[in-house]
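# Topology and contacts: notes
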Amino acid sequence: MSSFVEETLEAWNLSEYIEKFKDEKIDEQVFLHMPESMVKELIPIIGKRFHFLENRQKLLENENKSFISESSDNLCVNESDDAISIASSSSINLFHRGKKLKQLLSESSCGKKILSQTRLTPSDRNKICHFIIDRLLCKFKKITPEQFQEWSAEIVSVFKYENVSTYYVPSNTKFKRLANGKLWDKYNNLKRYIKNNKVEEKENIDESNLDCEETLQKLHIIQPNDPDLTTFWKETFKERQKDISIENYYEEYPILKTSIGAILNIAELEPKLQKRKEKLQTFGLTLQLMIVAIGTILNLTDFYIIINNVKYVSTTLMSAVNLCFQAFFALDAKYPVNSEMIWYFLQHQVYGITDEEHTRNFISVDVAWHYIQELMSASEEQLK
């Protein structure tokens, strides 16, 4: 259970239920949005349950108050001892709030019927959300959080028994909470429908680009047991290929620091290998045997030898180098061009293979070995 749940229960004088909430694994997301039937099981005493529901409603409303409440104060301008009251812009906005939704619903007979009602049914809410999201997707490539908040406020202004939190609750990285609500759900459902049915929109919107930014935000706070983790990771491969250090990359995506991090990195091998193959082909070269190490420079955790798209697991970096070197000779394969000198150095000075058939001389290899010998000699003299 998160500290948020425990602290909130204490603040509401409901600390006697903390253990019960812990036993039922109630996190912040469940705490804020579980239905009253679940609350009844957790808090069977009617009076206590009423206080919980009342406080929770206020908490959700306060969280969104910056988006649903506007000041109605008037600005007073004094001119020649005459007080002239001028309505503030916020008052004007408040006066017009609800106008856009009424206009939208008035465009169809179904919408007009909904407008004639005081209270909304679940079906009415679903239809309103469909009208709004469909209209927005026809105009914009992406719906912003501000637009979700604006239209949630529109609904509440027209239908006084509705709550903003029913339609949209923004994401909160501090509490690791994703955006949710009926408008948000309808948005994702319609995008999925458009994508699956290959509907071409007026501006030829690439649906994968629409999802990308939101998916990247989810990856910043996603948990290892999330069933969508692997899918999200694969979908955002291109967008995550930024020119940043490994350290910053791991900070940006903390999921890589968990036990599943190695699996995610391995999942990206295929597209990276394919990209490397295509690049080498432009120079008339092929992808040779290679070693892949997973992790940060100071904390390498997994090692693989890639041979013809097959991944062989190795326990240490040294054993990976040894296995890869032996594979070059066993398969009579050439060293990769960009690391050829390194492999010849290992061949000559570590493995002692210098016969003419397998030897190619590099001045830099000989110079490097000369410097190493000098360092070794200097170290031996210091030890004497």
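Reference entry: report on the structure contained in this document. Only a predicted model underlies this, so the values are computations on that prediction, with no experimental measurement involved.

### Focus on the overall build of the chain
Looking only at helices and strands, one finds 21 helices and 5 strands in the chain. Looking at the chain as a whole, 34% of its 384 residues are labelled buried. Partitioning the intrachain contacts of the chain with sequence separation of at least 6 by distance along the chain shows that 46% fall at a separation of at least 24.

### Concerning the side chain of R49
You can see R49 is positioned in helix 5 (residues 46-63). For the buried R49, no salt bridge exists, and the shortest N-O distance to an oppositely charged side chain is 4.8 Å, to E36. In this structure, R49 is in contact with V39, K40, I43 and P44, ignoring residues within four places of it in sequence.

### Looking at the environment of S171
Mapped onto the elements, S171 comes out in the loop between helix 12 (164-167) and helix 13 (182-196). Given a relative accessible area of 47%, S171 falls into the partly exposed group.

### Examining helix 13
With 15 residues, helix 13 extends 21 Å from end C-alpha to end C-alpha; this agrees with the ideal 21 Å at 1.5 Å per step. Every buried residue of helix 13 is listed here: L183, W184, K186, Y187, N188, L190, K191 and I194.

### Describing a nonpolar patch on the surface
Together, I246, I297 and L298 make up a nonpolar patch on the protein surface, roughly 380 Å² of accessible area in all. Summarising the element assignment, L298 is placed in the loop between strand 3 (290-296) and strand 4 (299-307). When its relative accessible area of 85% is taken as the criterion, L298 is described as exposed.

### Section: the nonpolar core
Counting 25 residues, the largest nonpolar core has L101, I128, I132, F159 and L183 as the members making the most contacts within it. For this core, the secondary-structure elements that each account for two or more residues are helix 8 (99-105), helix 10 (122-139), helix 11 (145-158) and helix 13. Excluding anything up to four places from it in sequence, F159 contacts L101, L105, I114, L115, Q117, T118, L120 and I128. By size, the runner-up hydrophobic cluster in this structure holds 17 residues, among which are W12, L14, F31 and L42.

### Digging into the pattern of salt bridges
In total, this model carries 6 salt bridges according to the counting rule given. The partner of E162 in a salt bridge is R125, with the nearest N and O atoms 2.8 Å apart. Note that E162 is positioned in the loop between helix 11 and helix 12 and R125 in helix 10, a separation of 37 residues in sequence. Exposure remark for E162: the relative accessible area of 7% places this residue in the buried category.

### Thoughts on the packing of helix 19 (residues 317-330) against helix 20 (residues 340-350)
Viewed as axis vectors pointing N to C, helix 19 and helix 20 meet at an angle of 90 degrees, and their least axial separation amounts to 12 Å. Put simply, helix 19 runs roughly perpendicular to helix 20. Two secondary-structure elements touch here, helix 19 through V321, C324, F325, F328 and F329 and helix 20 through W343, L346 and Q347. Here the contact of helix 19 with helix 20 is built from residues that sort into 7 nonpolar, 1 polar and no charged.

### Digging into unusual backbone geometry
What is expected of a backbone is that most residues other than glycine have negative phi and most peptide bonds are trans. In the Ramachandran plot, N13 falls in the positive-phi region, its phi being about 60 degrees despite a non-glycine side chain. Locating N13 in the fold gives a position in the loop between helix 1 (3-11) and helix 2 (18-23). For N13, a relative accessible area of 59% gives the class exposed. For D332, which is not glycine, the phi torsion reads 55 degrees and is therefore positive.

### Here's the deal with the environment of S314
With respect to the helices and strands, S314 occurs in strand 5 (residues 310-314). The class for S314 is buried, based on a relative accessible area of 8%. Put simply, S314 and I291 are 23 residues apart on the chain and 9.7 Å apart in space, counted from C-alpha to C-alpha.

### A look at the packing of aromatic side chains
All told, the structure shown has 18 aromatic pairs when counted by the stated rule. Judged by centre distance (5.8 Å) and plane angle (85 degrees), the rings of F4 and F31 are edge-to-face. Note that F4 is positioned in helix 1 and F31 in helix 3 (residues 28-33), a separation of 27 residues in sequence. Just as F4 is buried, F31 falls in that class too.

### Some thoughts on helix 11
Helix length check: helix 11 (14 residues) gives 20 Å between terminal C-alpha atoms against 20 Å at 1.5 Å per residue, within 8%. Burial in helix 11 covers these residues: Q147, F148, Q149, W151, S152, A153, E154, I155 and V158.

Basis of the calculations
Residues numbered from 1 in each chain as written. Predicted model: local features only at pLDDT ≥ 70, side-chain atom pairs only at ≥ 80, totals over all residues. Heavy atoms only, no water. Helix = DSSP H or I, 4+ residues; strand = E, 2+ residues; numbered from the N terminus. Buried < 20%, exposed > 50% of the residue type's maximum accessible area, 1.4 Å probe, protein only. Contact = heavy atoms within 4.5 Å. Lys, Arg positive; Asp, Glu negative; His and termini not counted. Salt bridge = Lys/Arg side-chain N within 4 Å of Asp/Glu carboxyl O. Expected span 1.5 Å × (residues − 1). Patch = residues over 30% accessible without salt bridge, like charges linked within 9 Å, V, L, I, M, F, W, Y side chains within 5 Å. Areas by Shrake-Rupley, 256 points an atom, 1.4 Å probe, with all protein chains shown as cover. Core = buried A, V, L, I, M, F, W, Y, C linked by side-chain atoms within 4.5 Å. Axes fitted to C-alpha atoms, helices over the stretch in contact; angles between N-to-C directions. Parallel < 35°, antiparallel > 145°, perpendicular 65-115°, else oblique. Nonpolar A, V, L, I, M, F, W, Y, C, P; charged D, E, K, R; others polar. Phe/Tyr/Trp six-rings, centres within 6.5 Å; stacked < 30°, edge-to-face > 60°.

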